[in-house]
Amino acid sequence: MAADSVTRFDFLVVGGGSGGLAGARRAAELGATCAVIESHKLGGTCVNVGCVPKKVMWNASTHAEYLNDHADYGFEGAQTHFSWQLIKNKRDAYVSHLNEIYQKNLDKARIQTIQGHARFTDDPEPTVEVNGKKYSAPHILIATGGHPSTVSDKDVPGASLGITSDGFFELESCPRRSVIVGAGYIAVEMAGILSSLGSKTSLIIRQGGVLRNFDALISSNCTKELQNSGIDLWKNTQVKSVQKTEKGLCVTLVTKDPEDRDAEEKTNSIQDIDCLLWAIGREPNTAGLNLSQMGVELDSKGHIVVDEFQNTSRHGIYAVGDVCGKALLTPVAIAAGRKLAHRLFEGKAESKVDYSNIPTVVFSHPPIGTVGLTEDEAVKSWGKRSVKIYTTSFTPMYHAITTRKTHCIMKLVCIGKEERVVGLHMQGLGCDEMLQGFAVAIKKGATKADFDNTIAIHPTSSEELVTMR
């Protein structure tokens with residue numbers, strides 16, 4: 001093969017994560033010759049350092065919570081020892097098994113796997129180079145995902161002494177003392193897992209509450225639940241510096257009351273830290289792809305700009321998933337990849353993802369389920385007079401006889417005279433599993449009357465959603 005020869009496919013996918021794999025497999029089913037380029041492990045963030053291993057650790061942490069309730073349910077004198085190493089080994093083995101399944105699925109579909117980093121070349125037609133070899137296709141999909149944001153030592157001296165969510169899955173033992181920085185869902189989940197499994201945990205947030213992009217009721221309730229669970233919550237606080245000592249890390253904090261302009265900054269420190277975890281957001285994996293040379297437009301944060309059909313600004317190049325910076329959820333990337341394949345290789349010209357009413361869950365303690373518009377978003381779109389809110393708050397029956405308590409809160413956001421339900425937000429035991437069915441109803445345009453006309457399932461927490469007044 002000549003040095004400048006090019007291997008051609010019908011569909012070339014850069015990134016072997018959820019969106020890329022879904023797009024490639026569906027395209028192959030539709031008769032396209034495909035290849036997937038991956039620089040790390042198949043499965044992307046979700047399988048390797050995201051949803052899947054996180055859920056295993058969350059499951060372990062819920063066992064720890066239930067152990068606190070054993071005596072209340074008559075199981076007296078139960079003694080247990082938690083082995084972080086055991087669950088880590090089982091978790092890692094499960095992830096490796098999934099990696100193998102993805103490879104087998106690609107092989108079965110006759111999709112070529114190319115290991116290495118892809119970079120677009122200066123050739124007239126869109127072409128990528130991997131390990132000195134060139135590959136091209138009339139349709140190239142970028143699905144490279146993202147990575148955790150970090151803080152530089154220049155901005156916060158000693159910041160590099162901390163880890164990110166990726167590093168969490170490398171921990172060989174449960175930290176005795178943990179500090180999490182961030183107020184988003186990853187920070188909330190990491191803090192809950194570590195605290196429940198026995199690590200003394202502090203959560204540092206810049207403002208007065210967590211999950212500020214969620215409905216206000218969810219934000220305020222989750223903030224309370226974090227504090228009630230024993231997590232040390234530092235509001236209106238930022239990290240000033242990090243130092244390494246003989247006993248661990250020392251984090252210097254600066255706190256200022258935003259309500260008092262004349263208030264002076266208060267400086268505090270947390271010492272003897274085993275694990276400092278930055279959970280301050282995520283950034284797209286676009287560096288090194290040579291996209292600017294290709295005329296592929298990026299936004300100010302480096303995300304690839306796409307239209308509703310996942311087209312980039314360069315003909316024949318598409319993007320799906322976290323690299324686009326919108327709805328950073330595995331099922332969204334999967335749906336986008338498949339819809340794109342149907343459009344390109346089955347002639348379904350209008351095949352695209354509907355980005356409205358996307359259900360999502362936060363695996364906090366207790367879990368959060370949410371779909372549709374927040375109250376503020378509904379008011380902004382429809383006006384305050386057209387919006388009606390139904391809420392409820394109660395203690396789940398499970399906690400009727402336990403010393404430990406968590407609450408369940410629910411909100412329905414309705415619009416117009418017909419009270420169409422455009423938003424549902426809840427936090428409480430089981431809310432993660434009860435959301436999916438209600439998301440279908442909301443997607444189909446269900447009204448409050450439809451909810452009311454549905455017979456309740458008793459005794460459950462979900463019955464509250466069809467009995468609100």
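Let me sum up the structure you'll find in this document.

The rules behind these values
- Residues numbered from 1 in each chain as written.
- Predicted model: local features only at pLDDT ≥ 70, side-chain atom pairs only at ≥ 80, totals over all residues.
- Heavy atoms only, no water.
- Pairing = 2+ DSSP bridges.
- Helix = DSSP H or I, 4+ residues; strand = E, 2+ residues; numbered from the N terminus.
- Axes fitted to C-alpha atoms, helices over the stretch in contact; angles between N-to-C directions.
- Patch = residues over 30% accessible without salt bridge, like charges linked within 9 Å, V, L, I, M, F, W, Y side chains within 5 Å.
- Areas by Shrake-Rupley, 256 points an atom, 1.4 Å probe, with all protein chains shown as cover.
- Salt bridge = Lys/Arg side-chain N within 4 Å of Asp/Glu carboxyl O.
- Lys, Arg positive; Asp, Glu negative; His and termini not counted.
- Charge placed at Lys NZ, Arg CZ, Asp CG, Glu CD.
- Contact = heavy atoms within 4.5 Å.

**Quick word on the sheet that holds strand β14 (residues 248–255)**
- Overall, antiparallel pairing links the three strands, which are arranged β13-β14-β15 in an open sheet. Each edge of the open sheet carries a strand with a single partner, namely β13 (237–245) and β15 (266–273). Direction aside, the axes of adjacent strands within the sheet are offset by 20 degrees on average.
- As defined by bridge partners, β14 adjoins β15 across six bridges and the pair is classed as antiparallel. Within β15, the position partnered with Val251 by the bridge is Ile270.

**Quick look at a negative patch on the surface**
- On the surface, a cluster of negative charge is contributed by Asp257, Glu259, Asp260 and Asp262.
- Within the fold, Asp257 resides in the loop between β14 and β15.

**Observations regarding the environment of Pro138**
- Mapped onto the fold, Pro138 is located in the loop between β7 (133–136) and β8 (139–142).
- Along the backbone, Pro138 and Phe11 are 127 residues apart, and their C-alpha atoms lie at a distance of 6.9 Å.
- Apart from residues no more than four positions distant in its own chain, Pro138 is found in contact with Phe9, Asp10 and Gly316.

**Focus: the environment of Ser241**
- Structurally, Ser241 is set in strand β13.
- Measuring from C-alpha to C-alpha, the distance between Ser241 and Val254 comes to 9.5 Å, with 13 residues separating the pair along the chain.
- If sequence neighbours within four positions are ignored, Ser241 has contacts with Val156, Pro157, Cys250, Val251 and Thr252.

Limitation: the analysis is restricted to geometry and does not speak to function.
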